[in-house]
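Spelled out, the chains give:
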Amino acid sequence: MQFYNEIIKSRLLLGTAGYPSPEVLMQSIKASETEIITVSLRREGVAGAEFRQLIAKTQRRFLPNTAGCHTLKEVVTTAKMAREVFATNWIKLEVIGHVDTLQPDPFATVEAAKILCKEGFEVFPYTTEDLIVGEKLLNVGCKILMPWGAPIGSGQGLRNIEGLKTMRRYFKNIPLIIDAGIGAPSQAIQAMEMGFDAILLNTAIAKAKNPILMAEAFKKAILAGQFAFEAGLMEKRDMAYTSTPAYGLADLL
Amino acid sequence: MKLYLNGDLVVTQEKNLAGLLQEKSIDATCVASAINGNFVPRSRYQDTVLKENMKIEIVSPMQGG
C-alpha cells in the first residue's frame, strides 16, 4: 500500500489523544503495530516538552492534523506550522463544519486542499462518502481520501454502508482510509472486508478499559478483514445449499 | 511594548521574535509560530520585528486524533 510516495504495511493509523497515561499510549502504539500516528499542534505549555520526547521515542511517521480549524486561514497556517515542527509534508486535513456534529465542511475542505496541494503538502482529507466532493478533492491534487464511518468519537461504525460500498467501487485505485466513527474491531473488519485500504482510529482504543489489549484486537481485526477481502468472500444465497456431497451417501433405510 | 503571546498579555523590551522566544525560555527548534494568524518560518524569527498589540501564537506537538 502506498500513501503518496511512502510504502506502508500497517493498515491501522492511530490517534494519540485521550489515553489514561503516556505509558499506556506508548504501549498501545507498540501493540497496534501502527506505522503512522496522528498528532496535533497546541499552544506551547508545560506539557509540551514531555510529549515531544514521548513521540520522538515512538519512531513512527507523524500525520499532523488540523483538528479544531473552522476557517481556511486557520487551516493553512496550522498546516504550515505542522510542516515545520514535524518535518513532514503530510497533513490530515480536517475542516470542521459544525462544532457539535464535527461534520467536515466539504466546501472549505476542497478550497483548503487546493491551496495546500499547491504549497507542496501531501493532503489526507477527512471527508464524507460524497462522490462529487471526492472527485473535487482528487482534482485539486489529493491522492488519498478519508471518508468518515460515523461522526468523530461516536463509535457507531459504518453509518452508510451502501454509500461507502459505492465510494469504494467508484474510486477503485485511490487509497481510501475510514477515518472516524469506528468503535469496535468488528466494525473495522467490516470496512476492510469491503475493500477499504486502512482504518484511522483513536477513541475506540484510547477509551477502552484496557487500551493496550484493544490495540492488539484492532490490529488483528484489521488484518483479518484485509485477508478476507483479498481472499474473496463467498456470494450470499437466499436458500440453504448443502456443503457435504450427496453422491456416495449410504442407503441406511 | 505590550503584545499577546498565546492569548496572554505580555510586556517585553525585546525587539524581535527570536528575542521574545529567548526571553520566555522557549526552544525555537521545537515550536512553530504565527503572528496575527499568519505563519512565520523559523528562518525569519530574527528579522521579525515586534509591534504593539501583535497576536503571537507559539505552538508545539500535542496529542491528536
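This text follows the structure it describes.
Here we look at the overall build of chain A
For chain A, the helix and strand inventory stands at nine helices and 10 strands. A principal-axis box enclosing the C-alpha atoms of chain A has dimensions of 85 × 40 × 35 Å. For chain A, the share of sequence-separated contacts (at least 6 apart) that also reach a separation of at least 24 residues comes to 67%. Put simply, chain A shows about 13,000 Å² of open surface, and 55% of that area lies on carbon and sulfur atoms.

Remarks on the pattern of salt bridges
Evaluation of the coordinates by the stated rule reveals 13 salt bridges over all chains. Salt-bridge contacts for Glu33 of chain A lead to Lys219 of chain A; the nearest nitrogen and oxygen are separated by 3.3 Å. One end of the pair, Glu33 of chain A, is in the loop between α1 (22–32) and β4 (36–43); the other, Lys219 of chain A, is in helix α9 (residues 211–231), and 186 residues separate them in sequence. Between Arg43 of chain A and Glu57 of chain B there is a salt bridge, and its shortest N-O distance comes to 2.8 Å. Of this pair, Arg43 of chain A sits in strand β4 while Glu57 of chain B sits in strand β5 (residues 55–63), which puts the two residues in different chains. Classification of Arg43 of chain A by relative accessible area gives partly exposed; the value is 45%. Accessibility expressed as a relative area gives 24% for Glu57 of chain B, which makes it partly exposed.

Considering the sheet that holds strand β6 (residues 90–93) of chain A
Pairing within the open sheet is parallel, and its three strands lie in the order β6-β7-β8 (chain A). On the outer flanks of this sheet lie β6 and β8 (146–147) of chain A, each paired with one strand and no other.

Describing the packing of helix α4 (residues 106–118) of chain A against helix α5 (residues 131–139) of chain A
Residue and element names in this part refer to chain A. Two elements in contact, α4 and α5, have axes separated by 9 Å at closest approach and are oriented at 15°. Comparing the axis directions of α4 and α5 gives the class roughly parallel. Crossing of α4 against α5: the hand is right-handed. Across the interface between the two elements, Pro106, Thr109, Val110 and Ala113 of α4 pack against Val133, Lys136 and Leu137 of α5. Per-class residue counts for the contact of α4 with α5 are five nonpolar, one polar and one charged.

A short note on the side chain of Glu84 of chain A
Among the secondary structure elements, Glu84 of chain A is positioned in helix α3 (residues 72–86). Among the polar contacts made by the side chain of Glu84 of chain A, one reaches the main-chain amide nitrogen of Arg42 of chain B at a distance of 2.8 Å. Not counting residues up to four positions away in its chain, the partners in contact with Glu84 of chain A are Val31, Ala32, Phe39, Val40, Pro41, Arg42 and Tyr45 of chain B.

Comments concerning the interface of chain A and chain B
Counting residues at the interface gives 25 residues for chain A and 25 residues for chain B. Summed over both sides, the interface between chain A and chain B buries roughly 2,200 Å², with carbon and sulfur atoms accounting for 59% of that surface. On inspection of chain A and its partner chain B, the count reaches two salt bridges. Put simply, chain A and chain B have 15 residue pairs in polar contact (both at pLDDT 80 or more) between them. At seven residues, α3 of chain A tops the list of elements feeding residues into the side of chain A that touches chain B. Taken together, the residues of the side of chain A that touches chain B sort by class into eight nonpolar, eight polar and nine charged.

Regarding the side chain of Thr127 of chain A
Residues and elements named next belong to chain A. Looking at the element boundaries, Thr127 is found in strand β7 (residues 122–127). Residue class for Thr127 comes out buried when judged on its relative accessible area of 3%. Apart from the residues lying within four places of it in its own chain, the contact partners of Thr127 are Pro104, Val133, Leu137, Met146, Pro147 and Trp148.

Rules of the game
Residues numbered from 1 in each chain as written. Chains lettered and ligands numbered in written order. Predicted model: local features only at pLDDT ≥ 70, side-chain atom pairs only at ≥ 80, totals over all residues. Heavy atoms only, no water. Helix = DSSP H or I, 4+ residues; strand = E, 2+ residues; numbered from the N terminus. Contact = heavy atoms within 4.5 Å. Areas by Shrake-Rupley, 256 points an atom, 1.4 Å probe, with all protein chains shown as cover. Salt bridge = Lys/Arg side-chain N within 4 Å of Asp/Glu carboxyl O. Buried < 20%, exposed > 50% of the residue type's maximum accessible area, 1.4 Å probe, protein only. Pairing = 2+ DSSP bridges. Axes fitted to C-alpha atoms, helices over the stretch in contact; angles between N-to-C directions. Parallel < 35°, antiparallel > 145°, perpendicular 65-115°, else oblique. Left-handed = near helix turned anticlockwise from the far one by under 90°. Nonpolar A, V, L, I, M, F, W, Y, C, P; charged D, E, K, R; others polar. Polar contact = N/O pair within 3.5 Å; in protein donor to acceptor, adjacent residues only side chain to side chain. Buried area = accessible area lost by both parts, 1.4 Å probe.

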